[in-house]
Amino acid sequence: MMKVLVTGGAGYIGSHTAVLLIEAGYDIIIFDNFCNASLESIKRVEKIVAQKITTIEGDVRNRDDLHTVFNKHKIDAVIHFAGLKAVGESVEQPLKYYDNNVNGTAVLCEVMAEHGCRSIVFSSSATVYGDPHSTPIDENFPLSATNPYGRSKLFVEEILRDLYISDNRWKVILLRYFNPVGAHASGTIGEDPNGIPNNLMPFIAQTAVGKRDYLSIFGDDYETHDGTGVRDYIHVMNLADGHVKALDKIENFKEVMTINLGTGKGYSVLDMVKAFEKASGKKVPYQIAPRRSGDIAKCFADPSYAKKVLGWEAKKNIEEMCVDSWRWQSNNPDGYN
Ligand code: NAD
Ligand code: UD1
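Residues numbered from 1 in each chain as written. Chains lettered and ligands numbered in written order. Predicted model: local features only at pLDDT ≥ 70, side-chain atom pairs only at ≥ 80, totals over all residues. Heavy atoms only, no water.

Focus on the site of ligand 2
Thinking step 1. In the vicinity of ligand 2, 18 residues are found, and the nearest of them are Leu200, Ser216, Arg231, Arg292 and Asp295.
Thinking step 2. Between ligand 2 and Ser125, the relevant distance is 3.2 Å, taken from an oxygen atom to a side-chain nitrogen or oxygen of the residue.
Thinking step 3. Measuring from a nitrogen atom of ligand 2, one finds a backbone N or O atom of Ser216 at 2.7 Å.
Thinking step 4. Contact with the protein chains hides 88% of the accessible area of ligand 2, taken as 730 Å² for the molecule alone.
Thinking step 5. In terms of residue class, the shell around ligand 2 is built from eight nonpolar, seven polar and three charged. (Near = heavy atom within 4 Å. Polar contact = N/O pair within 3.5 Å; in protein donor to acceptor, adjacent residues only side chain to side chain. Areas by Shrake-Rupley, 256 points an atom, 1.4 Å probe, with all protein chains shown as cover. Nonpolar A, V, L, I, M, F, W, Y, C, P; charged D, E, K, R; others polar.)

Right under this line is the structure:
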């Protein structure tokens, strides 16, 4: 049985991926410093899969924390979710992002190599495409960054490519996520942002449940079908499945693999509001507000490469995303607290 270290495994995407990894027969160890997660998410995952999960509190920037894990466990591969992801915060505190995301990954890889583990699946983001010249976006589009968060993802991609050039025993898969939403069908795990959500889906869900008065829609004058921003929302369980498929195949690849994980469909903010109202039976009041700085009009994936090389495809539609997100939100109005 392959042993997999899941850094950031207590977080939103990591916890959902943990469920599918265990169901697929992988032996996993969760490693998280809990800076943006709680132990409760892991307890709930344990309930879903009906087994205990080895969980280690530690920081990917801390060599000793990592050595302890690698000395104790013979780890075959790492899925590296651990990192910070708030764009606005990254503009205000860039060093925090470069330290956590870039330095954290460098330290992790150094310790991995020392222990003879050279297989890594990395959480990159569609943000590395910057403001794309057209849609759908394929993996060969030009890369750029508009903020330190995005730059940290670009840097890590480059670092991992350099690592492979230096030693081609490395197996590297860079997964570029589009916009993950939704929750596990049990409604027991989901996205639990701190404070006021930055992202659309949790904001809509909190408005529907009555925690927020109204949604501010950031701009209705974009060149899209209704003027509001268009994104490729992908169900987190489909995204999680993409990681299982990547791990299943990682030993076969002979080069660094860079793969979009998206649905290929674009929905606007207003489309999402309507779909959520239908799924929840609740009204989502909104107001049109100015554009958010750094936002782009349209972003959706060409997901055909993932299908070709991983045999993976996102199957869940927008209704399922909203229904599952609502089940999580309405059963857990205060998240894991
Ligand atoms: P999340 O914040 O829920 O999960 C990240 C986890 O990493 C948290 O549990 C946090 O406590 C942990 N962590 C952070 N820094 C750490 C460190 N130094 N050492 C150990 N643990 C640490 O975020 P998420 O949405 O699950 O995102 C997971 C990954 O996917 C991140 O790297 C993020 O940048 C990337 N990503 C997310 C999105 C998205 O929209 N959610 C989109 C593209 C890429
Ligand atoms: C944002 C980040 C991106 C990151 C991604 C996942 C920015 C500029 N980009 O992407 O780097 O990878 O989250 O964490 O922050 N919207 C509203 N009202 C809201 C919130 C959002 O109208 O209260 C709109 C946005 O303008 C956008 C869409 O909803 O058109 C989606 O926004 P969001 O969920 O924040 O994701 P992205 O902007 O795609």
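Now, onward.
What to know about the side chain of Ser325
Thinking step 1. You can see Ser325 is positioned in helix α11 (residues 318–331).
Thinking step 2. Taking the relative accessible area as the measure of exposure, Ser325 reaches 7% and is therefore buried.
Thinking step 3. The contact partners of Ser325, leaving out residues within four places of it in the chain, are Gly182, Ala183, Met201, Ala205 and Phe276. (Helix = DSSP H or I, 4+ residues; strand = E, 2+ residues; numbered from the N terminus. Buried < 20%, exposed > 50% of the residue type's maximum accessible area, 1.4 Å probe, protein only. Contact = heavy atoms within 4.5 Å.)

Quick look at the side chain of Asp167
Thinking step 1. Looking at where Asp167 falls in the secondary structure, it is placed in the loop between α6 (148–166) and β6 (171–177).
Thinking step 2. Among the residues examined, Asp167 registers a relative accessible area of 18% and is labelled buried.
Thinking step 3. Only 3.4 Å separates the side chain of Asp167 from the side chain of Arg118, close enough to count as a polar contact.

Comments concerning the site of ligand 1
Thinking step 1. Taken together, 27 residues lie around ligand 1, and Tyr12, Ile13, Asp32, Asn36 and Lys85 are the ones closest in.
Thinking step 2. In this structure, Gly11 approaches ligand 1 through a main-chain N or O atom, which is 3.2 Å from an oxygen atom.
Thinking step 3. Between ligand 1 and Asn100, the relevant distance is 2.8 Å, taken from a nitrogen atom to a side-chain nitrogen or oxygen of the residue.
Thinking step 4. The protein chains hide 95% of the 820 Å² of surface that ligand 1 would expose on its own.
Thinking step 5. Contributions of two or more residues to the shell around ligand 1 are made by α1 (12–23), β5 (119–125) and α6.
Thinking step 6. If you tally residues by element for the shell around ligand 1, the top one is β5, at three residues.
Thinking step 7. By residue class, the composition of the shell around ligand 1 is twelve nonpolar, ten polar and five charged.

So, the sheet that holds strand β4 (residues 77–80)
Thinking step 1. Taken in spatial order, the seven strands line up as β3-β2-β1-β4-β5-β6-β11 in an open sheet, and their pairing is parallel. Of all the strands in the sheet, the pair left with one neighbour each is β3 (54–57) and β11 (257–261). Ignoring which end each strand starts from, the neighbouring axes of this sheet average 20° apart.
Thinking step 2. Where β6 lies against β11, five bridges are found, and the strand directions are parallel. Bridged to Leu174 within β11 is Thr258.
Thinking step 3. Against the sheet, helix α5 (residues 94–114) engages β1 (3–7), β4 and β5, with an angle of about 170° to β5.
Thinking step 4. Across the sheet, helix α8 (residues 236–249) is in contact with β1, β4, β5, β6 and β11; its angle to β6 comes to roughly 165°. (Pairing = 2+ DSSP bridges. Axes fitted to C-alpha atoms, helices over the stretch in contact; angles between N-to-C directions.)

Thoughts on the sheet that holds strand β14 (residues 298–299)
Thinking step 1. The three strands are arranged β12-β9-β14 in an open sheet whose pairing can be described as mixed. Taken across any chain shown, the strands that pair with only one partner, and hence form the sheet edges, are β12 (267–268) and β14.
Thinking step 2. With two bridges connecting them, strand β9 (residues 230–231) and β14 associate as parallel partners. Each bridged residue has a counterpart across the sheet, and for Arg231 the counterpart in β14 is Cys299.

Thoughts on the pattern of salt bridges
Thinking step 1. Taken as a whole and assessed by the stated rule, the structure comprises 19 salt bridges.
Thinking step 2. A salt bridge links Arg291 to Asp221; its shortest N-O distance comes to 3.0 Å. A residue pair is termed long-range when its members are at least 10 positions apart, and Arg291 in the loop between β13 (286–289) and β14 and Asp221 in the loop between β8 (215–218) and β9 qualify at 70 residues.
Thinking step 3. The exposure class of Arg291 is partly exposed, given its relative accessible area of 46%.
Thinking step 4. Residue Lys283 is joined to Glu277 by a salt bridge in which the shortest nitrogen-to-oxygen separation is 3.5 Å.
Thinking step 5. Accessibility expressed as a relative area gives 63% for Lys283, which makes it exposed.
Thinking step 6. With a relative accessible area of 19%, Glu277 lands in the buried category.
Thinking step 7. Salt bridges sharing common partners tie together Glu157, Glu158, Arg161 and Arg176. (Salt bridge = Lys/Arg side-chain N within 4 Å of Asp/Glu carboxyl O.)

Concerning the packing of α5 against α6
Thinking step 1. Between α5 and α6, whose axes approach to 9 Å, the crossing angle comes to 20°. One element, α5, and the other, α6, form an angle in the roughly parallel class. The interaxial crossing formed by α5 with α6 has right-handed handedness. Of the residues in α6, those in contact with Pro94, Tyr97, Tyr98, Asn101, Val102, Thr105 and Cys109 of α5 are Pro148, Tyr149, Arg151, Ser152, Phe155, Val156, Ile159, Leu160 and Leu163.
Thinking step 2. Split by residue class, the contact of α5 with α6 holds twelve nonpolar, three polar and one charged. (Parallel < 35°, antiparallel > 145°, perpendicular 65-115°, else oblique. Left-handed = near helix turned anticlockwise from the far one by under 90°.)

Structural notes on the packing of aromatic side chains
Thinking step 1. Within the structure shown, the criterion is met by five aromatic pairs.
Thinking step 2. On the basis of an interplanar angle of 90° and a centroid distance of 5.9 Å, the ring pair of Phe276 and Trp326 is categorised as edge-to-face. A residue pair is termed long-range when its members are at least 10 positions apart, and Phe276 in helix α9 (residues 269–280) and Trp326 in helix α11 qualify at 50 residues.
Thinking step 3. Judged by relative accessible area, which is 0%, Phe276 ranks as buried.
Thinking step 4. Classification of Trp326 by relative accessible area gives buried; the value is 13%.
Thinking step 5. Ring-pair connections join several aromatic residues into one group, and the members of that group are Tyr129, Phe141 and Phe178. (Phe/Tyr/Trp six-rings, centres within 6.5 Å; stacked < 30°, edge-to-face > 60°.)

By themselves, these observations are geometric and do not establish any function.
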